[in-house]
Amino acid sequence: MKVVTFGELMVRLQPFNYERFVQANSLEFTFGGGEANVAVSLANYGLDAAFVTKLPAHAIGQAAVNSLRRYGVDTSMITRGGDRVGIYYNEKGASQRGSVCIYDRANSAIQLAQPSDFDWDKIFEGVDWFHFTGITPALGANVVEICLEACKAAKAHGVKISCDLNYRGKLWTRAQAREAMTKLCEYVDVCISNEEDAKDVFGIEAEATDIYGGKLNAEGYKSVAKQLADKFHFEKVAITLRESHNASENGWSAMLYDVASNEYCFSKKYELKIIDRVGGGDSFGGGLIYALLNGKSTQDAVEFAVAASALKHTIEGDYNMMTVSEVEKLAGGDGSGRIQR
């Protein structure tokens, strides 16, 4: 089975440990990006995963490509050109101090890319699944057009399409997001969202839910999933449920709605001690795609995806470096991570 993901791969610059930007004397240099993170997860699970983007031909662009090759991601369809690799600066939060993310991605190679840079008919030959997020079309009208062409070509090739709504207010307005994502979601089979993104992008929200107070309303999330599915004729809708106690401790679970069976499945909840939150949602997406491609039931699929994401929160960096057996061991346990005897 082959999966293609499309998006931006960025340089991640981060102070050592939990230092603040203003006190740091050096920054750690790694790479990350929503769809690239999903590709790494899938490659680690043994799938044929390819990542598509545009990166400069210079040494930093090559280092970005090499960061994916290290984990077995197919980089052969990456277009080379442009001058900049996008950058994001990440300051890790702890306890009552939240994380800080600063973007420096204007005029990156992928932001300036044109539809002619990608031959989607060739890219989707022999492909089973295509994944993108709402972060990618947020880069500009030209990238919205690229995403539309990709979705149309994927449909023509019989490829399943998943999208994580992933609204980023630093990149575009709610109105811009709604206009673009309404067009794109017409092609999507599996939608991944959370309570905030569904509200920000489409004005759909769960009632009687306070994400900061730790209160979750199961019926409210069923309503959100059904509204999304009814609006766009999705086959499945996944809603991730994060209870933010503070920057270091979160409750983490999810719901998966299968439209055909009218089945709403909630996962077990994990109480996370967070090492690195970045990429947590992407690891859920990677886990869900793997589970669905491998024919797992609705309940087993959401359990696998949530367990994969819970484990990612223990790993530094964007990429989730877990194996299928490690995820399944946690998914099949009591959620504590303790060795079962």
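Per an unreviewed UniProt entry, the recorded name for the chain is Sugar kinases, ribokinase family, and the organism is Faecalibacterium prausnitzii L2-6. Under Sequence similarities (unreviewed entry), UniProt gives the following word-for-word description of the chain: "Belongs to the carbohydrate kinase PfkB family."

**Let's talk about the environment of S248**
For S248, the location among the structural elements is in the loop between β12 (236-244) and β13 (249-258). With a relative accessible area of 22%, S248 lands in the partly exposed category. Sequence-wise, S248 and D276 are 28 residues apart; in three dimensions their C-alpha atoms are separated by 9.0 Å. If sequence neighbours within four positions are ignored, S248 has contacts with A94, S95, L272, K273 and I274. A polar contact of 2.7 Å, which involves the side chain of S248, links it to the backbone nitrogen of S95.

**Examining the sheet that holds strand β7 (residues 87-91)**
Strands sit in the order β3-β2-β7-β8 across an open sheet of four strands; the sheet is mixed. The sheet terminates laterally at β3 (27-32) and β8 (100-104), the two strands that pair on one side only. Here the strands of the sheet are splayed against their neighbours by 25° on average, with no regard to which way each runs. With three bridges joining them, strand β2 (residues 10-15) and β7 adopt parallel strand pairing. Considered in β7, the bridge of L13 is made with Y89. This element, helix α2 (residues 59-69), spans β2 and β3 of the sheet and lies at about 65° to β3.

**Some remarks on α2**
What α2 keeps buried is the set G61, A64, V65, S67 and L68. Seen from one end, α2 has its buried residues packed into an arc of 155°, which puts them on one side. Summarising the contacts, the buried residues of α2 are in contact with β3, α1 (34-44), β4 (48-52), β5 (54-55) and β6 (79-80).

**Looking at the packing of aromatic side chains**
Summed over all chains, the structure comprises 16 aromatic pairs. Pairing F6 with W120 gives two aromatic rings, centres 5.3 Å apart and planes at 90°, and the pair type is edge-to-face. Of this pair, F6 sits in strand β1 (residues 2-6) while W120 sits in helix α3 (residues 120-123), placing them 114 residues apart in sequence. In this pair, the class of F6 matches that of W120, namely buried. Site record: aromatic cluster; members linked through ring pairs are F6, F118, W120, F124, F130 and F132. Sitting above the plane of the Y103 ring, R105 keeps its charged end 4.5 Å from the centroid. The cationic tip of K170 hangs over the ring face of Y103; the distance from NZ or CZ to the ring centre is 5.8 Å.

**Some points on the nonpolar core**
Formed by 58 residues in total, the largest nonpolar core has its most connected members in L9, L42, L68 and L288. The element contributing the most residues to this core is helix α9 (residues 298-312), with nine residues. Ranked by size, the runner-up nonpolar core spans 55 residues in total, among them W120, L165, V188 and V201.

**Thoughts on the pattern of salt bridges**
If you walk through the whole model with that rule in mind, you get 21 salt bridges. Here K160 makes a salt bridge to E235, at a shortest N to O gap of 2.6 Å. With K160 in strand β10 (residues 160-164) and E235 in the loop between α7 (218-232) and β12, the pair connects residues that are 75 residues apart, well separated along the chain. For K160, a relative accessible area of 32% gives the class partly exposed. Exposure remark for E235: the relative accessible area of 34% places this residue in the partly exposed category. Note that K296 is salt-bridged to E328, the shortest N-O span being 3.0 Å.

Thresholds, definitions, all that
- Residues numbered from 1 in each chain as written.
- Predicted model: local features only at pLDDT ≥ 70, side-chain atom pairs only at ≥ 80, totals over all residues.
- Heavy atoms only, no water.
- UniProt positions renumbered as here; feature names shortened; annotations may be inferred.
- Helix = DSSP H or I, 4+ residues; strand = E, 2+ residues; numbered from the N terminus.
- Buried < 20%, exposed > 50% of the residue type's maximum accessible area, 1.4 Å probe, protein only.
- Contact = heavy atoms within 4.5 Å.
- Polar contact = N/O pair within 3.5 Å; in protein donor to acceptor, adjacent residues only side chain to side chain.
- Pairing = 2+ DSSP bridges.
- Axes fitted to C-alpha atoms, helices over the stretch in contact; angles between N-to-C directions.
- Arc of directions from axis to C-beta.
- Phe/Tyr/Trp six-rings, centres within 6.5 Å; stacked < 30°, edge-to-face > 60°.
- Lys NZ or Arg CZ within 6 Å of the ring centre and 35° of its normal.
- Core = buried A, V, L, I, M, F, W, Y, C linked by side-chain atoms within 4.5 Å.
- Salt bridge = Lys/Arg side-chain N within 4 Å of Asp/Glu carboxyl O.

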